[in-house]
Structures are given as structure tokens and as C-alpha cells.
Amino acid sequence: MAERVTRFAPSPTGPLHLGHAYAALIAAARGDRFLLRIEDIDQPRCKPGYEAAIFEDLEWLGLHWENPVMRQSTRLWAYDAALVHLCNMGVTYHCTCTRGDIKAALSAPQEGAALIGPDGPIYPGTCRRKQRASGALRLDMAAAIAALGEVQFTETGEQAGTHQYSTAQMVETIGDIVLARRDIGTSYHIAVVVDDAAQGITEVTRGQDLFDATAIHVVLQRLLALPTPRYHHHRLIRDDQGKRLAKRDDARALAKYRAEGATPQDIRRMLGL
Ligand code: GLU
Ligand code: ZN
């Protein structure tokens, strides 16, 4: 079997908690090579101290990754190149709608119930024909998918199998997602697709919460002529009340367990590994 390359891609916006430990341990176990990527494009929310803490926590867990670590804040040029490519294909448009504009358009009586997609409320398309020269850059999903037809990916997690998305499904349940936000000039979707390809990732391992975003990533991979890796979406680690662990939930921070004397083996046991 060909070499399997996996990655763990945390955002340094808070301490790592049990959910991150689970994601990192699962990813490392699924690869012959394990890479790390710091997803720090949302600069105002990222703190250098958190990045150092991530390395410390992962080392403590006993994980080994290859150097150099990829840092998204140094890769804006690569995201720009991808965005230019998509613009030249004619599958993008600029949008100046605010969150409030979108909410108002979606609550207009003729629109029916607003649908929420993997990227937030499904954009009603207000700016699609306006030929604006600035604003957020959106993907014209209907135009993009017309050139591709059905998209699919292979999942090896709980919902193992081939997942297919028809043209209508992509347009109606995902819609015109934002490719480049006004404030950061790119988006999670562009960065993750460009970087998984640049790092040669063959197995993407991440939380179930990102399952529906994967269809977006496959569309972008196809448009940018990048390979589609295999996907493994793992269960989310929840607290005793069944609530999903958030980064601000510092009570579950790995560092806290460590300070209280827990060992990496205790963490694995708590996670059922
Ligand atoms: N940076 C994302 C997170 O911390 C993970 C993105 C991914 O694995 O695709 O949730
Ligand atoms: Zn708009």
C-alpha cells in the first residue's frame, strides 16, 4: 500500500483540550508520516503563546511530527494564486452583503425557511449578477458544479463508503460559499484545500463537525486540479452533559489534566483509545 500521510491542523486560538488530543492521536495512528499545520489565518484570534502550548501538549502526549511545521500565516501567496485561478475560470463573484443584509434577504416572505449549510446560512445570491469589483469573494456554486458534474469522496470513518453529491444538492444545501473574506483575504476552505495538497496529505482525519464541509473541499480540489485525499471524520468528544467541548472550555484543557497529575496513558484511556 502507498505511504499514508496524515496531519493534525489546530488553530492556536486557545488551549488544546481532550477533543484535540483525540483528533491528533487518531490522525497520527492512521499515517506512516504525520505532519503538523498551524491554522493561523484568523490572526486577531491567534496567540503565539497558544502555539507554543500546542507543541508542548503534543510532545507530552508522545506524538512526533515532521519539521518544518506548516504555518498558514506564511502561505497567503499560495491562497492568492488559487483565488486568481478560480476568478479566471469565471466561477466567482464579489459580494458586499453584510450578515444583516443576508438575514434580511433570507427572511423575506417568498424565501421560506432559511437553510443553514456547512458554511452558515445559504447565501440567497443577491450579488451574483451585480458585477461588483470588491467585497468578499464567493464561489458561484451553480457555475462551478456545471463544469464538474457530481462530486464524491471516500470516507473511512463511521459513515464509511463513497459519498456523492449531485449538482442540485450542492447548489441547494451548500450554495455560494465565501472563498475570501474581506478581513483576512482568504478562507478556511481555500487554505485547507491548498495546504492539504501542498503537504501531500493522503488521509484527512478530522471531526465529524466538518463532514459537510468536505463536499466544498472536493469541489475546490476539482476546480484547482488538486488530488482528493481519503477522509476519516471521527466522533466528537463531549463533556458529561453531552455538550461538545469548545476551546474556551479551559476546564478540559490538556494542560489542566497534566497539572493535576494525569499521564498520557490516562488521557488515552479517557478517550477510549
Ligand atoms: N483547524 C481546524 C480546527 O482546529 C481543523 C481543520 C481540518 O482538520 O480540516 O478545527
Ligand atoms: Zn452580496
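Everything below is about the structure printed above this text.
What counts and how
- Residues numbered from 1 in each chain as written.
- Chains lettered and ligands numbered in written order.
- Predicted model: local features only at pLDDT ≥ 70, side-chain atom pairs only at ≥ 80, totals over all residues.
- Heavy atoms only, no water.
- Near = heavy atom within 4 Å.
- Polar contact = N/O pair within 3.5 Å; in protein donor to acceptor, adjacent residues only side chain to side chain.
- Areas by Shrake-Rupley, 256 points an atom, 1.4 Å probe, with all protein chains shown as cover.
- Nonpolar A, V, L, I, M, F, W, Y, C, P; charged D, E, K, R; others polar.
- Donors = N, O, S within 2.8 Å, 3.2 Å for Na, K, Ca; no water.
- Helix = DSSP H or I, 4+ residues; strand = E, 2+ residues; numbered from the N terminus.
- Buried < 20%, exposed > 50% of the residue type's maximum accessible area, 1.4 Å probe, protein only.
- Salt bridge = Lys/Arg side-chain N within 4 Å of Asp/Glu carboxyl O.

(A) Layout of the site of ligand 1. Residues in contact with ligand 1 amount to ten residues; listed here are only the nearest, Arg7, Ala9, Glu39, Tyr188 and Arg206. Ala9 is positioned with one of its backbone polar atoms (N or O) 2.7 Å from a nitrogen atom of ligand 1. Glu39 places a polar side-chain atom, nitrogen or oxygen, 2.6 Å from a nitrogen atom of ligand 1. Protein contacts shield 78% of the accessible area of ligand 1, which totals 300 Å² for the unbound molecule. Residues that form the shell around ligand 1 fall into these classes: five nonpolar, one polar and four charged.

(B) Summary view of the coordination of the zinc ion (ligand 2). Coordination of the zinc ion (ligand 2) by the protein is provided by Cys95 (SG), Cys97 (SG), Tyr123 (OH) and Cys127 (SG), with metal-donor distances spanning 2.2 to 2.3 Å. All donors of the zinc ion (ligand 2) belong to a single chain; written as a sequence motif, their spacing is C-x1-C-x25-Y-x3-C. Taken as a pair, Cys97 in the loop between strand E4 (92-95) and helix H4 (99-106) and Tyr123 in the loop between strand E6 (120-121) and strand E7 (136-139) lie far apart in primary sequence, 26 residues in all. Residue Cys97 shares its accessibility class with Tyr123, and that shared class is buried.

(C) Local environment of the pattern of salt bridges. Summed over the entire model, instances satisfying the criterion amount to 16 salt bridges. As a salt-bridge pair, Glu39 and Arg37 come within 3.0 Å of each other at their nearest N and O atoms. By the burial criterion, Glu39 is buried, and Arg37 matches it. Between Arg269 and Asp266 there is a salt bridge; the shortest N-O distance is 3.1 Å. Placement of both Arg269 and Asp266 in helix H10 (residues 264-270) is noted, with a separation of three residues, approximately one turn of the helix. One salt-bridge network, held together by shared partners, links Arg7, Arg37, Glu39 and Asp196.

All quantities given are derived from atomic positions and should not be read as evidence of function.
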